[in-house]
Amino acid sequence: MFVQFFGGFLLNKGVVSTDQLIDAMKKESTAHIQLGTLAMHASLMTAEQIEDIRIAQTHTDKRFGELCVDKGYLTEEQVNELLASQYPKYLLLGQILEEQGIFDQATFHELVKEYISENSIAEEDLPLEDGETIISLVKDYCSDLASSNKEYQLEYLQLLLNNLIRFIGSDFTLLRPVIRSTSYPTQKFAAQMITGSYQVTSILDMSEETAIQFASRYVSEEFTTFDEYVQASMEDFLNLHNGLFNVNISNSYSVELGLQPPISGEKQAVAGGSSMYIFPALFPFGVVNIVVSEM
């Protein structure tokens, strides 16, 4: 899940544009991590050494790892360990951006170090995306949001990220949350109210074209127009997510919450409650807005 926050980190730093990030995310599914990227991340090679190997490859028919061994930058054992290692998924995203000339290897390495430092991520947690570290990232993301029940808000958002990854895809970046004090103007939306001691209206909102692609991924069927099936898919995702949230709250806090049936529509101004938060998820096919309005 680090990659979903890393993209937002790059945007906030101003080192990439939204279009550049989207273009890189589109290439993730067909790209492969390179040995040089792994070696730099493991602090076994410098940017200058990697560039030296790349230049050498233009003069000889040898693999990157072979040349690293020949030049004494890596041992054969280190090459094999790197190739067999797990790695944080955001390395691939950064590699694509570097290949596109958005920044160089050295800059990418410094950005990774800054990201790890800012979020107090332990190196050993990176490949496994440790649960406690993810919780810490979600807490930092929500640090400016004054929820009436912070614990429930964190539970809701963490589950939402997991469900987006599980049912829609991992190729998204979580953008900065937005706080609204007025009504929210929807596009194509599905909405549902959670009832009980934690009363919340949640809204899944996006453009028509984004909704078509969202539904296509959710049901693994290609839709080409916005129709009742796309609408039903949005409602079903929201209902599934909120149902799982209620189950988690029951298991963790012994609190029973209810659910009203989901509704859907378009171009309506939805009035906010005591607090309204918008969590935008940037996918290659568009922005999916998750709106949480606490009563």
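Per chain, residues are indexed from 1 in the order of the written sequence. Two thresholds apply to this predicted model, a pLDDT of at least 70 for residue-level local features and 80 or more for giving and counting side-chain atom pairs, whereas whole-chain, interface and lining totals are computed over all residues. Water and hydrogen atoms were dropped before computing side-chain values, which therefore reflect all heavy atoms in the structure.

(A) Summary view of the environment of alanine 146. By the criteria applied, helices consist of DSSP H or I runs no shorter than four residues and strands consist of E runs no shorter than two, each listed in order from the N terminus. Within the fold, alanine 146 resides in the loop between helix 9 (131-141) and helix 10 (150-167). Looking at alanine 146, the relative accessible area reads 64%, which means it is exposed. When the C-alpha positions of alanine 146 and isoleucine 22 are compared, they lie 30 Å apart, and in sequence the two are 124 residues distant. In what follows, a contact means two residues having at least one pair of non-hydrogen atoms within 4.5 Å. Setting aside chain neighbours within four positions, we find alanine 146 in contact with Ser275 and Tyr277. Think of it in three bands: residues with accessible area under 20% of the maximum for their type are buried, residues over 50% are exposed, and the middle band is partly exposed, with areas taken using a 1.4 Å probe on protein chains only.

(B) Examining the nonpolar core more closely. In these notes, a set of buried Ala, Val, Leu, Ile, Met, Phe, Trp, Tyr and Cys residues joined through side-chain atoms within 4.5 Å is what counts as a nonpolar core. Phe6, Leu164, Leu204, Phe214 and Phe245 are the most contacted members of the largest nonpolar core, which totals 83 residues. No other element matches helix 10, which puts eight residues into this core. Residue contacts for phenylalanine 245: discarding those within four places in its chain leaves Tyr152, Glu155, Tyr156, Leu159, Ile194, Tyr198 and Leu257. In terms of nonpolar packing, the next biggest core, distinct from the first, is built from eight residues, Phe189, Met276, Ile278 and Val291 among them.

(C) A look at the pairing of strand 5 (residues 200-206). Counting buried positions along strand 5 gives seven out of seven residues, so the element sits mostly inside the fold. Side chains Val200, Ser202, Leu204 and Met206 of strand 5 all project onto a buried face; the interleaved residues Thr201, Ile203 and Asp205 project onto the opposite face, where all are buried too. Strand pairing requires that DSSP identify at least two bridges connecting the strands. What sits between the antiparallel neighbours strand 4 (residues 188-195) and strand 5 is a turn of four residues, in which glycine 196 has the positive phi angle 120°. Relative to strand 10 (residues 286-294), strand 5 runs antiparallel, the two sharing six bridges. Note that in strand 10 the partner of isoleucine 203 across the bridge is valine 291.

(D) Helix 10, seen in detail. The span one expects for a helix is its residue count, reduced by one, times 1.5 Å. With 18 residues, helix 10 should cover 26 Å at 1.5 Å per step; its first-to-last C-alpha distance of 25 Å lies within 8% of that length. Those residues of helix 10 that fall on the buried side of the exposure criterion are Tyr152, Gln153, Leu154, Tyr156, Leu157, Leu159, Leu160, Leu161, Asn163 and Leu164. Looking one or two places after helix 10, you find glycine 169, whose phi comes out positive at around 145°.

(E) Structural context of unusual backbone geometry. In this structure, serine 43 is a non-glycine residue whose phi angle is positive, near 60°. By the secondary structure assignment, serine 43 is in the loop between helix 3 (35-41) and helix 4 (47-57). Backbone geometry places serine 220, a non-glycine residue, at a positive phi of 55°. Of the residues examined, serine 220 reaches a relative accessible area of 68% and is grouped as exposed.

(F) Here's a closer look at the packing of aromatic side chains. Only the six-membered ring of Trp is used, alongside the rings of Phe and Tyr, when aromatic pairs are assigned; centres must lie within 6.5 Å, and planes under 30 degrees apart are stacked while those over 60 apart are edge-to-face, with the rest tilted. Across all of its chains, the model carries 16 aromatic pairs by this definition. Between the aromatic rings of phenylalanine 167 and tyrosine 218, the centroid separation amounts to 6.1 Å while the plane-to-plane angle is 70°, which identifies the pairing as edge-to-face. Taken together, the residues phenylalanine 167 in helix 10 and tyrosine 218 in helix 11 (residues 208-219) connect sequence positions 51 residues apart. Taking the relative accessible area as the measure of exposure, phenylalanine 167 reaches 24% and is therefore partly exposed. Tyrosine 218 gets classed as buried once you look at its relative accessible area, which sits at 14%. In this structure an aromatic cluster arises from ring pairing among Phe6, Phe9, Tyr90, Phe103, Phe108 and Tyr115. A cation over an aromatic ring shows up here: lysine 188 above the ring of phenylalanine 226, its NZ or CZ 4.4 Å from the ring centre. Here, a charge over a ring means that NZ of Lys or CZ of Arg falls within 6 Å of the ring centre while also lying within 35 degrees of the ring normal.

(G) Spotlight on the packing of helix 11 against helix 12 (residues 228-253). Fitted lines through C-alpha atoms give the axes, limited to the stretch in contact for helices. The angle between two N-to-C directions lies from 0 to 180 degrees. With their axes 9 Å apart at the nearest point, helix 11 and helix 12 run at an angle of 65° to one another. Relative to helix 12, the crossing made by helix 11 is left-handed. In this structure, helix 11 uses Ala211, Ile212, Phe214, Ala215, Tyr218 and Val219 to contact helix 12, whose residues at the interface are Val230, Ser233, Met234, Asp236, Phe237 and Leu240. Think of it as three bins: nonpolar holds Ala, Val, Leu, Ile, Met, Phe, Trp, Tyr, Cys and Pro, charged holds Asp, Glu, Lys and Arg, and polar takes everything else, Gly as well. A breakdown of the residues in the contact of helix 11 with helix 12 according to their chemical character gives 10 nonpolar, one polar and one charged. Note: crossing handedness is left-handed where the near helix turns anticlockwise from the far helix by less than a right angle, and right-handed where it turns clockwise.

(H) Looking closely at the packing of helix 10 against helix 12. Contact geometry of helix 10 with helix 12 gives a least axis separation of 10 Å together with a crossing angle of 135°. The pairing of helix 10 with helix 12 is recorded here as oblique in orientation. Handedness of the crossing formed by helix 10 with helix 12: right-handed. On helix 12, the residues touching Glu151, Tyr152, Glu155, Tyr156, Leu159, Leu160, Asn163, Leu164, Arg166 and Phe167 of helix 10 are Phe237, Leu238, Leu240, His241, Asn242, Leu244, Phe245, Asn248, Ile249, Ser252 and Tyr253. Here the residues of the contact of helix 10 with helix 12 sort into 13 nonpolar, five polar and three charged. Angle categories are assigned with fixed cut-offs, so that under 35 degrees is roughly parallel, over 145 is roughly antiparallel, 65 to 115 is roughly perpendicular, and the rest are oblique.

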